[in-house]
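# A look at the structure
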Amino acid sequence: MSSSLHSVLIVLFAALAIAGAEFSSTIDGAQFLHYAFKPLTTLGIFFLALRAQPAINARYRKAILAGILFSLLGDIFLMLPVSVLAQGFLLGLLSFLFAHLCFLRALCSDARFFTKPLVFVALTALGAAHLFVLWPGLPPAMRIPVLAYVCLLLAMCAQAISRGISLRTVDSRMAMSGGICFMLSDTILAYNKFYTPIPHSPLLILGSYYLALWLIACSVQSSHPQHQD
């Protein structure tokens, strides 16, 4: 399959997954589209990263692929109704926590951690502000897992931004943009779930999420031909 056709299929699958979630309460059968195409979209993005040539380095590719697989697992846990899996949200949160660990490992494969302290400080302040607003709405049993997840998400995003600023390559800037989109998606999800319902939240959450994963997957391909697996 050509890369252009592969990209078209990812966009199509993402659109169907989002439409299924957006119209699940008004159109019979729409939920099936979400169940079918949400994991298929993430799987398509996995193969995009798998086929990327030349890769930045072997460790980067392997860590990104592992992160996307954990994201796929998180997709499945989060989309299942409570009647099917009572702890689906917690399991999804843990899956994405491991995904961010993998992404962070990739981002540290060619750039030192914490090279831009001001970036980490700024994102920590931003995360603390969001937690201050969201904390009263968090169930007590979810507070520690959410806090751990937020810390790891912020570390991943801060490292992506720091690396993008330091390396100034096309691929590092794609990873940086992906990290920012991931943080945006999770912020919208958190406010929608724990603060107040947001209109068209499936479109906003999944749209920014798939863009994040796509950018991170594309960042596997080095913009410098001399970097080989």
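Residues numbered from 1 in each chain as written. Predicted model: local features only at pLDDT ≥ 70, side-chain atom pairs only at ≥ 80, totals over all residues. Heavy atoms only, no water.

This brings us to the overall build of the protein. In terms of regular secondary structure, the protein is built from eight helices and zero strands. Scanning the protein from its N terminus toward the C terminus, one meets helices and strands in the order α-α-α-α-α-α-α-α. What you see for the protein is a C-alpha radius of gyration of 17 Å, in line with the 17 Å of a compact globule of 229 residues. Dimensions of the protein, computed from the C-alpha atoms along their principal axes, are close to 50 × 45 × 25 Å. Across the 229 residues that make up the protein, the buried fraction comes to 47%. Intrachain contacts of the protein at a sequence separation of at least 6 include 75% that bridge at least 24 residues. Of the roughly 11,200 Å² of accessible surface on the protein, a fraction of 73% belongs to carbon and sulfur atoms. (Helix = DSSP H or I, 4+ residues; strand = E, 2+ residues; numbered from the N terminus. Rg over C-alpha atoms; globule rule 2.2 N^0.38 Å. Buried < 20%, exposed > 50% of the residue type's maximum accessible area, 1.4 Å probe, protein only. Contact = heavy atoms within 4.5 Å. Areas by Shrake-Rupley, 256 points an atom, 1.4 Å probe, with all protein chains shown as cover.)

Another point: the packing of aromatic side chains. Per the stated rule, a full pass over the model turns up 13 aromatic pairs. Judged by centre distance (5.3 Å) and plane angle (45°), the rings of phenylalanine 13 and phenylalanine 37 are tilted. Linking phenylalanine 13 in helix α1 (residues 3-22) with phenylalanine 37 in helix α2 (residues 30-51), this pair joins segments that are 24 residues apart in sequence. Measuring from ring centre to ring centre gives 5.6 Å for tyrosine 191 and tyrosine 195, while their planes differ by 75°; the resulting arrangement is edge-to-face. Relative accessible area serves as the criterion here: at 53%, tyrosine 195 is assigned to the exposed category. Among the aromatic residues, ring-to-ring pairing joins Phe96, Phe103, Phe182, Tyr209 and Tyr210 into one connected group. One cation-aromatic arrangement involves lysine 193 over phenylalanine 89; the distance from NZ or CZ to the ring centre is 4.7 Å. (Phe/Tyr/Trp six-rings, centres within 6.5 Å; stacked < 30°, edge-to-face > 60°. Lys NZ or Arg CZ within 6 Å of the ring centre and 35° of its normal.)

Moving on to the packing of α1 against α2. Contact pair α1 / α2: the axes reach a minimum separation of 7 Å and the direction vectors enclose 150°. Judged by the inter-axis angle, α1 sits roughly antiparallel to α2. In the crossing of α1 with α2, the sense of the turn from one axis to the other is left-handed. Residues of the contact of α1 with α2, tallied by class, amount to 13 nonpolar, seven polar and two charged. (Axes fitted to C-alpha atoms, helices over the stretch in contact; angles between N-to-C directions. Parallel < 35°, antiparallel > 145°, perpendicular 65-115°, else oblique. Left-handed = near helix turned anticlockwise from the far one by under 90°. Nonpolar A, V, L, I, M, F, W, Y, C, P; charged D, E, K, R; others polar.)

Take the nonpolar core next. Within the largest apolar cluster, 64 residues are counted, with the highest numbers of intra-cluster contacts made by Tyr60, Ile64, Ile68, Phe103, Phe182 and Tyr210. When residues of this core are traced back to their parent elements, those giving at least two are α1, α2, α3 (58-79), α4 (88-107), α5 (117-134), α6 (140-167), α7 (170-194) and α8 (201-218). In terms of residue count, the dominant contributor to this core is α6 (13 residues). With near-sequence residues (within four places) excluded, tyrosine 210 lies in contact with Ala14, Ala17, Ile18, Phe37, Lys38, Thr41, Thr42 and Ile45. (Core = buried A, V, L, I, M, F, W, Y, C linked by side-chain atoms within 4.5 Å.)

Where α4 meets α6, the axes come as close as 9 Å, and the angle between the chain directions of the two elements is 25°. Between α4 and α6, the angle is such that the two are roughly parallel. Between α4 and α6 the crossing geometry is left-handed. Each of Phe89, Leu90, Leu93, Phe96, Leu97, His100, Leu101, Phe103, Leu104 and Leu107 in α4 lies in contact with α6, whose residues at this interface are Met142, Pro145, Val146, Ala148, Tyr149, Leu152, Leu153, Ala155, Met156, Gln159, Ala160 and Arg163. Across the contact of α4 with α6, the residue classes break down as 19 nonpolar, two polar and one charged.

Let's shift gears to the confidence of the model for the protein. Of all residues in the protein, 98% have pLDDT values of 70 or greater, and the mean over the chain is 94. The element-level mean pLDDT for the protein is lowest in α1, coming to 92, with α7 highest at 98. (pLDDT = per-residue confidence, 0-100.)

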